[in-house]
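Descriptive structure summary
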Protein chains: 2
Amino acid sequence: MAEKDWIRRYFAPLAKAPGAAGLTDDTAELSKGYGPLIATVDAMVEGVHFFSDDPVETIARKLVRVNVSDILASGARPREALLTLGWPQDGRNQDQIVSFCCSLGAELDRWGILLAGGDTVMTPGGLFLSLTLTGECLGAGPVRRGGGQAGDDVWVTGEIGAARRGYLWKTEGRGEARWLHALQAPELPPLEAADLIASHARAAMDVSDGLLGDLATLAEASGLAAEIELDQVPFAGGAASLVEMLDLASWGDDYQLLFAADPQHAGFIQDSGFKVTRIGRLAEGAGLAATHCGKPVNLPETLAFEHGRVGQPPVRS
Amino acid sequence: MAEKDWIRRYFAPLAKAPGAAGLTDDTAELSKGYGPLIATVDAMVEGVHFFSDDPVETIARKLVRVNVSDILASGARPREALLTLGWPQDGRNQDQIVSFCCSLGAELDRWGILLAGGDTVMTPGGLFLSLTLTGECLGAGPVRRGGGQAGDDVWVTGEIGAARRGYLWKTEGRGEARWLHALQAPELPPLEAADLIASHARAAMDVSDGLLGDLATLAEASGLAAEIELDQVPFAGGAASLVEMLDLASWGDDYQLLFAADPQHAGFIQDSGFKVTRIGRLAEGAGLAATHCGKPVNLPETLAFEHGRVGQPPVRS
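Nothing here was measured: the structure is a model prediction, and the numbers come from that model. (Residues numbered from 1 in each chain as written. Chains lettered and ligands numbered in written order. Predicted model: local features only at pLDDT ≥ 70, side-chain atom pairs only at ≥ 80, totals over all residues. Heavy atoms only, no water.)

A word on the pairing of strand β9 (residues 257-261) of chain A
Each regular strand carries side chains that alternate between the two faces of the sheet. All names here are of chain A. Heads up, the rule is: Exposure categories follow from relative accessible area, calculated using a 1.4 Å probe and restricted to protein chains: below 20% of the type maximum is buried, above 50% is exposed, and the middle band is partly exposed. Secondary structure elements are taken from DSSP: a helix is a run of H or I of four residues or more, a strand is a run of E of two residues or more, and numbering for both begins at the N terminus. Strand pairing is assigned whenever DSSP detects at least two bridges linking the two strands.
Most of β9 is tucked away, with five of its five residues classed as buried. Here β9 shows two buried faces, one formed by L257, F259 and A261 and the other by L258 and A260. Looking at chain direction, strand β6 (residues 153-157) and β9 are connected through four bridges and run antiparallel. Looking at β9, one finds that W155 is bridged to F259.

Here's what the structure looks like:
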């Protein structure tokens, strides 16, 4: 089937952006909205960011969500998307593209995202996806990593470690199957988290490379030190030991939001209507310090940094 | 080397967009400009859109240009870019990323494009690139394929067939080596072509799938027929026979601009200061008709349509 037919049959029905012109042209007109406009792009590669046998439905959901988390963390609402789809020349039948598009469409709708354009190419390699997502800031500009101030509380949305648990089940049969969904497509906080970030966060980012490493990054960008109370962290399924806590807090792929806020905003944040937990604070100085039940914890140096490769392949194969 | 280090070393110096924040955050703030904002995305895959032994410098140039041609064809100036780079886990050494970024930076500068963000991932497959490019319309909106009117002149910028000649030299040793550059990185019309399109074109698109097929597409989108005078087409290096003309006009990868304009604008268009040639006209009806020295030419049906696969792999390997 020619690209034109793929577009007409599978993608044009998803292209609900007014400026997409039914994907009949090579460019789409973007809506400018009222607030400042931001954009992000995240790619996913078969065998690196997802397993070859993952359902295409969850691959589509994950592709959208890993981008949405970046937009929410900036205090913005997602708006329009452009999709690059590198489809394997061999090995995936046409049913899969139907399932992929169906799931993609539902996920875009869930976040109010309008597909505006894209490019579909055949590739001799595995499935390769990239999504560019725009967002409209709810405040005067995007909330950045570097805006934290000494004394700020550090908060995280949702739970940490569910994807790690899914990975352990998938690869080693450890734990419970119920976590697999979080590996295949992370649970994000609701759209309203964008308002929370825009109204109350001085610094924010999504948790993609591990809570500890990402907190170290946020603190460094703010020119400060960070302290984290591991026993306050909302670990998915709980954590039985310090070793398990450190494992769950350094693995990544959570796509929850990590942010710093003035302590005077704590009441508003706690009343947000979704799960948000205070897990530490920013302080003068540099580096990351952790405590467990009030006692200092020695952090292995590698925990506080990203995984040491290009990209952060959550699927270690 | 970790992604963070790649970004800091290679990509941050290219990220000149004011809202890119030095690529230290996951989102970039886009400039809204004055005119309507448009976006396009085009991907390139090793072994499909370029040869494995093509220089990374020309791969970078081609990536930018295949997107720029879409923006120019909409009557818009390119503005900001987001890059997805899927770098092979094996087989390309680090010198190549330096060369790629150096060439990419120079090419972005040439078009006044500011790199705003991106994502770099390792892939078990070949080199995979995708660029999202925004543009600011010079008119009230993007010029579309479907705006042509009966009686409009059909024009094309630059020359047609240089990439085809480069391909014949590369794969069969036919012709001259001097055309190879056009296959590796197409020559585009200058930035001023955006003004020409915005001011004078009623319908426009870039020539990526072959002049004949693309003209048929433009005519169909406009609800009209098109006539093309093959002896008027500016073929790269000239064309000795009708067979050669049809070959050069149906191969694609030209990335020149094809547009329809009111005949009253012909004088302005001819005075544009760069090469623009009138090659035919739009008329009531449907379909594509070609003439050669005033006589009708039978067009093989396949010439008037795209190459029958997903993507239009210009590299047939």
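Alright, that's what it looks like, and here's the rest.
Thoughts on the nonpolar core
How we decide: Nonpolar cores are built from buried Ala, Val, Leu, Ile, Met, Phe, Trp, Tyr and Cys residues. Side-chain atoms within 4.5 Å join them into one set. Contacts are assigned to residue pairs with any non-hydrogen atoms lying within 4.5 Å of each other.
Ranked by internal contacts, the top residues of the largest apolar core, which has 130 residues, are F11, F100 and F259 of chain A together with F11, F100 and F259 of chain B. The contact partners of F259 of chain A, leaving out residues within four places of it in the chain, are D153, V154, W155, T157, L196, I197, A201, A203, A204, I269 and V276 of chain A. Membership of the second largest hydrophobic core comes to 30 residues, among which are V156, L248, A260 and A290 of chain A.

A closer look at the relation of the copies chain A and chain B
Going by this rule: C-alpha atoms of residues with pLDDT of at least 70 in both copies form the basis for the least-squares superposition of the copies.
Superposition of chain A onto chain B requires a rotation of 180 degrees combined with a translation of 0.0 Å along the rotation axis, giving an RMSD of 0.0 Å. The transformation just described matches what one would write down for a two-fold rotation axis. No C-alpha of chain A lies nearer the rotation axis than that of G125 of chain A, which sits 2.3 Å from it. Counting the interface residues of chain A, we find that 100% of their copies in chain B are interface residues as well, pointing to one common contact surface.

Quick look at the confidence of the model for chain A
Residue and element names in this part refer to chain A. Here is the rule: Scored from 0 to 100, pLDDT reflects the predictor's confidence in each residue.
Per-residue pLDDT for chain A averages 91, and the proportion of residues at 70 or more is 94%. Of the regions scoring below 50 in pLDDT, residues 304-317 engages in 47 contacts with residues more than four places distant in sequence or in other chains. The ipTM, which scores confidence in the relative placement of chains, is 0.92 for this predicted complex, and the corresponding pTM is 0.93.

Digging into the interface of chain A and chain B
Filter applied, for reference: Accessible area that two parts lose when put together, evaluated with a 1.4 Å probe and summed over both, is termed the buried area. Salt bridges are identified by distance alone: a Lys or Arg side-chain nitrogen within 4 Å of an Asp or Glu carboxyl oxygen.
Listed per partner, the contact involves 61 residues of chain A and 61 residues of chain B. Between chain A and chain B the total buried area reaches about 5000 Å² when both faces are included, carbon and sulfur atoms providing 53% of it. In this structure, the connection of chain A to chain B is made through two salt bridges. For D26 of chain A, the salt bridge is made with R145 of chain B, and the minimal N-O distance between the two is 3.0 Å.

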